[in-house]
Every structure is written in C-alpha cells, then in structure tokens.
Amino acid sequence: MQQSTGYKIPTDYWLVFSVCASLVAIAFIFDSPQEIARGFLLITTSRSVLVTDYVALGGIGAGLVNAALSGLFYLVLLVAYKTHVNGRVILALFLTIGFSLFGKNLANMLPIFFGVLLYAKAFDVKFSNLLVPAMVSGTVGPIVSEIAFMYGDISPLRIALAFAAGLFIGFIFPVVMEASKAMHKGFCLYNGGVAGGFIATFFVGLLRSLGIQPAPEAYWDTEHTVILASFAYLLGAGLVAYGFIHDKPAGAVEKYKHLLKESDEIDNDYRTKYGKTCYINIGALCIVSTSLMMLLQIPINGPILGGILTLVGFAAGGKHLRNVIPILIGSVIAVNFNYYDMGSPSNALAILFSTGLAPIAGKFGWKWGIVTGFVHVSVAIIVGNLNGGMNLYNNGFAGGFVALIMVPLILFFNDLFKQFFKKSHLSGED
C-alpha cells in the first residue's frame with residue numbers, strides 16, 4: 001500500500017495487512033500455486049450460498065487467498081479514500097475477511113460494491129462514508145452468484161442479469177441498512193445482516209415465484225482444524241500483545257477494565273474510545289472463541305474461522321467478555337436441546353454468531369443474556385429458510401428478530417418483577 005500525500009496510513013491497517021499476508025503465506029505453504037488457481041476458479045464460479053465452506057470447496061490455499069484478496073481490496077480503498085480508523089472500520093474489515101472464507105468473493109461482491117458507489121454518486125454522498133456499508137453489503141453476494149451460476153455453467157445473459165441484480169442491491173443497501181436500525185434499536189450488532197435478510201428474502205421469493213428453487217449447500221471441511229486453530233491462537237496472542245505494546249501495561253489494564261464495563265448499545269466504538277487498548281479485547285475474544293470451539297470438538301474450518309474473525313472484528317465495536325460469555329452459555333445450552341448435532345453447521349455457527357446480541361446481556365445482565373443466547377439458536381434455524389441461504393449473515397437477520405422480541409419482553413418482566421417485589425415488601429410491612 002502506498003501512502004497518500006498528506007495522509008498517514010493508520011497502523012491498524014498495517015495490522016490487517018499483516019493478517020492478510022499471513023493467510024497468503026499459509027496458503028502457499030500447504031497448497032501449490034496450481035492447486036490454489038484451480039480452487040480459486042471453483043470458488044469464484046460457485047453458487048456460494050450457505051453453507052459453502054471455501055476450504056472444503058477449493059482447498060485451504062484457495063480459501064485463504066480468497067479471504068486475503070477481499071481484505072486487501074478494501075484496505076486499498078480505505079487508504080485511497082484517506083479513511084481514518086474507528087471501530088466500525090475494523091469490524092467491517094475482519095467481517096469481510098472472515099466471510100470470504102465461506103460465501104464472499106470479489107466476483108459476487110463487486111457488482112454490489114458498484115451499486116453502493118452508484119448510490120453515492122446519485123445522492124452526492126461521500127463514498128468514504130459508505131465504505132463500511134459497502135463491505136457489509138457482501139452479505140448478499142450469493143444472490144449474484146446464484147443468478148450467474150445456478151445451473152453450473154457460464155451464460156453471458158445470466159452474468160449480465162447477476163451484475164444488474166448486484167447493482168440494484170448495492171444501490172438500495174445503504175437505505176435498507178439505515179432503516180433496519182429502527183427494528184432492533186442497536187441491540188443487534190449485525191445490522192447489515194438484518195438488512196441483508198430482508199433483501200435476500202425478497203429475491204428468494206422472486207426466484208421461487210419464477211419456479212427457481214434455491215437449494216442450500218453442504219460444504220463443510222473437517223480436516224484442517226490444527227492449521228486454522230493454530231492461526232487463530234497466534235492471531236489472538238498477537239493482538240493482545242499489540243494492545244499492550246501501544247500503551248503502558250498498567251494503563252492498558254486500566255482502560256481494559258473500563259471497556260469491560262461498557263453496556264451502551266449505541267455508543268460502542270471501542271477503537272475510538274479506548275485506542276489500541278481495544279486490541280487486548282479483540283485478542284482475548286479470539287482466544288476464547290477458538291477455545292470454545294475446540295472444547296465443543298467443533299472442527300475449525302472456513303465458516304468457523306470466519307465466525308471467529310467476525311467475533312474478533314466486533315470486539316472493536318460492541319463485544320467484550322462480560323457481555324459475550326452469557327450469550328455463549330445460553331447458545332451452548334440450546335444446542336443440547338435441538339435435534340441437530342453439536343458440530344452441525346447450523347448449531348456451530350449459531351453459537352458463534354449469537355454474540356451479535358451481546359448488547360442485551362450488557363444492558364440487562366447476564367441472566368437475560370443466557371436466555372437471549374438460548375432463544376437465538378432456535379430462531380436462527382427457522383429464519384434461514386426464508387432467504388434460501390443467500391444472506392450470509394443469517395444469524396444477524398435472526399438476531400434482529402430476537403432483539404425485537406426479547407427487549408420488550410425483558411422490559412415487561414423486569415417491570416413485573418419490580419411491582420411484585422414492591423407489593424411483597426409492602427405486605428411484609430403490614
């Protein structure tokens with residue numbers, strides 16, 4: 001990356017660049033250039049609907065290279081537009097890299113990206129202010145891939161239709177994403193998933209009305225846990241060290257203690273509020289989430305590593321150990337009650353992505369956090385049927401519904417309990 005005149009590239013971007021470079025290095029250690037090229041072509045021309053583990057589909061090399069390229073593409077744009085770093089930017093970068101291990105690729109993201117760019121031009125909005133929505137909009141990339149490659153061949157007409165659909169999606173995505181906030185009032189961190197869920201549901205309904213039935217995929221790697229878990233642990237340790245290096249240890253610890261007390265569902269930009277100390281939080285959540293997957297004997301593959309990286313990103317903007325752990329406990333309890341195996345894609349991903357509801361635990365306490373995590377797993381399984389696997393942030397869409405349901409219920413029951421105990425107290429005085 002070249003440094004633009006008058007603009008100093010934030011060291012955070014170099015950190016993300018090093019993550020991408022590490023992924024490429026691992027790719028070429030374990031796969032040959034020929035294997036990576038063949039796998040990358042398979043990834044680019046795949047339907048990419050849930051669950052398409054790019055590591056299983058194209059090989060570990062191609063899957064990691066695809067993730068790195070997606071991250072590098074947006075890194076270059078962030079620098080080109082002289083974008084300053086904040087929590088939203090960090091989370092969007094890790095989100096993009098993570099989901100490029102199972103569903104996102106440049107072929108299905110670019111048409112949507114150009115749609116967001118078109119929106120910026122049409123309404124005279126600075127595109128630098130829309131880079132985060134542009135990154136997040138890749139959640140519905142599988143719609144582009146489905147239209148282009150649904151029959152397993154390449155048709156110029158279908159590719160043109162896919163590009164047009166992507167342009168339209170990108171053009172409306174910032175508006176739908178902004179409107180979605182009113183639904184959950186900030187209690188679901190995955191606002192892009194809520195927006196993507198509505199858009200994907202519309203397109204799936206349209207395709208089904210035309211007699212086209214989008215089918216889910218079942219690519220799920222189980223052979224690269226040691227490699228990918230090792231990467232996740234090294235990344236987590238490196239991020240914790242990075243956080244301490246850029247502050248005096250005593251000062252970093254004090255800041256981190258304050259970060260762990262955060263409970264605001266709106267003002268949760270930890271990078272802006274706590275500086276690089278937030279990387280201690282990011283690294284800690286990386287290590288904890290990886291350890292949980294290992295403890296549950298869930299294979300670390302493309303989707304699971306993608307989920308870990310997403311959790312890592314949102315540790316810069318809304319998640320920390322105190323509000324995440326209750327949600328994780330509730331989701332782990334829930335998967336022991338449904339008929340899916342613990343390590344099935346639906347359960348494994350629901351556990352990791354349930355943490356998008358962390359603000360509920362932060363605001364209303366750990367007990368309600370456990371209940372929320374439990375409810376999320378059941379809702380996520382049902383909601384996936386609405387959008388045919390074309391919304392990669394399916395758990396975000398489910399989280400929006402859970403927040404919509406849970407927050408009023410929590411407020412209602414909390415008020416009910418207060419009234420009950422107040423009456424009991426008064427009765428006792430009599």
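As a reminder, the structure under discussion sits directly above these lines.
Residues numbered from 1 in each chain as written. Predicted model: local features only at pLDDT ≥ 70, side-chain atom pairs only at ≥ 80, totals over all residues. Heavy atoms only, no water.

### Digging into the overall build of the protein
So, point 1. Check the secondary structure of the protein and you find 20 helices and zero strands.
So, point 2. Here the protein has a C-alpha radius of gyration of 21 Å; the compact-globule value for 430 residues is 22 Å, and the two agree.
So, point 3. When the backbone C-alpha atoms are referred to their principal axes, the protein occupies close to 80 × 55 × 50 Å.
So, point 4. Out of the 430 residues belonging to the protein, those deemed buried represent 58%.
So, point 5. Partitioning the intrachain contacts of the protein with sequence separation of at least 6 by distance along the chain shows that 79% fall at a separation of at least 24.
So, point 6. Approximately 17,700 Å² of the protein is accessible, and the part contributed by carbon and sulfur atoms is 67%.
So, point 7. A distance of 8 Å separates the average location of the 26 positive side-chain charges in the protein from that of its 22 negative side-chain charges. (Helix = DSSP H or I, 4+ residues; strand = E, 2+ residues; numbered from the N terminus. Rg over C-alpha atoms; globule rule 2.2 N^0.38 Å. Buried < 20%, exposed > 50% of the residue type's maximum accessible area, 1.4 Å probe, protein only. Contact = heavy atoms within 4.5 Å. Areas by Shrake-Rupley, 256 points an atom, 1.4 Å probe, with all protein chains shown as cover. Lys, Arg positive; Asp, Glu negative; His and termini not counted. Charge placed at Lys NZ, Arg CZ, Asp CG, Glu CD.)

### A word on the nonpolar core
So, point 1. Within the largest apolar cluster, 143 residues are counted, with the highest numbers of intra-cluster contacts made by Tyr-13 and Ile-304.
So, point 2. Each residue touching Ile-304, except ones within four places of it in the same chain, is listed here: Trp-220, Met-293, Ile-298, Pro-299, Ala-348, Leu-349 and Leu-352. (Core = buried A, V, L, I, M, F, W, Y, C linked by side-chain atoms within 4.5 Å.)

### A look at the state of the cysteines
In protein structure, a disulfide is the covalent linkage between the sulfur atoms of two cysteines.
So, point 1. Enumeration according to the criterion identifies zero disulfides in this entry.
So, point 2. Counting only cysteine sulfurs, Cys-286 is the nearest neighbor of Cys-278, a cysteine outside any disulfide, at a range of 14 Å.
So, point 3. In this structure Cys-278 comes out as buried when scored by relative accessible area, which is 0%. (Disulfide = S-S within 2.5 Å.)

### Regarding the pattern of salt bridges
Two side chains that carry opposite charge are able to pair once their charged atoms sit near each other.
So, point 1. Inspection of every chain in the model, using the stated rule, returns eight salt bridges.
So, point 2. For Arg-47, the salt bridge identified is with Glu-146, shortest N-O distance 2.7 Å. Taken as a pair, Arg-47 in the loop between helix 2 (33-44) and helix 3 (54-58) and Glu-146 in helix 8 (residues 141-149) lie far apart in primary sequence, 99 residues in all.
So, point 3. Using a relative accessible area of 14% as the deciding quantity, one classes Arg-47 as buried.
So, point 4. Here the residues in one salt-bridge network are Arg-47, Glu-146 and Glu-217, joined through shared partners. (Salt bridge = Lys/Arg side-chain N within 4 Å of Asp/Glu carboxyl O.)

### Section: the side chain of Asn-395
So, point 1. By the secondary structure assignment, Asn-395 is in helix 20 (residues 394-429).
So, point 2. Asn-395 sits in the buried class, given a relative accessible area of 9%.
So, point 3. At a separation of 2.7 Å, a polar atom in the side chain of Asn-395 contacts the side chain of His-376.
So, point 4. In contact with Asn-395, not counting residues within four places along its chain, are Tyr-190, Leu-349, Ala-350, Phe-353, His-376 and Ala-380. (Polar contact = N/O pair within 3.5 Å; in protein donor to acceptor, adjacent residues only side chain to side chain.)

### Some thoughts on the packing of aromatic side chains
So, point 1. The full count for this structure, using the stated rule, is 28 aromatic pairs.
So, point 2. On the basis of an interplanar angle of 25 degrees and a centroid distance of 5.7 Å, the ring pair of Phe-187 and Phe-364 is categorised as stacked. Residue Phe-187 is located in the loop between helix 9 (156-184) and helix 10 (191-209), and its partner Phe-364 is located in helix 18 (residues 358-364); the two are separated by 177 residues in the primary sequence. Both residues of the pair, Phe-187 and Phe-364, count as buried. (Phe/Tyr/Trp six-rings, centres within 6.5 Å; stacked < 30°, edge-to-face > 60°.)

### As for helix 1 (residues 11-30)
So, point 1. Taking 1.5 Å per residue, 20 residues should reach 28 Å; helix 1 reaches 29 Å between its end C-alpha atoms and fits that length.
So, point 2. Asp-12, Tyr-13, Leu-15, Val-16, Val-19, Cys-20, Leu-23, Ile-26 and Ala-27 are the residues of helix 1 that are buried. Buried residues of helix 1, viewed axially, fall in a sector of 170 degrees; they line one side.
So, point 3. Buried residues along helix 1 sit against helix 2, helix 4 (60-80), helix 5 (87-99), helix 11 (225-245), helix 13 (270-274) and helix 14 (278-295). (Expected span 1.5 Å × (residues − 1). Arc of directions from axis to C-beta.)

### Here we look at the packing of helix 2 against helix 4
So, point 1. In contact at an axis separation of 8 Å, helix 2 and helix 4 are set at 65 degrees when each is read in the N-to-C sense. By crossing handedness, the relation of helix 2 to helix 4 is classed as right-handed. Counting all contacts with helix 2, which are made through Ile-36, Gly-39, Phe-40 and Ile-43, the residues of helix 4 involved are Gly-61, Ala-62, Gly-63, Val-65, Asn-66 and Leu-69.
So, point 2. Of the residues belonging to the contact of helix 2 with helix 4, the class tally is six nonpolar, four polar and no charged. (Axes fitted to C-alpha atoms, helices over the stretch in contact; angles between N-to-C directions. Left-handed = near helix turned anticlockwise from the far one by under 90°. Nonpolar A, V, L, I, M, F, W, Y, C, P; charged D, E, K, R; others polar.)

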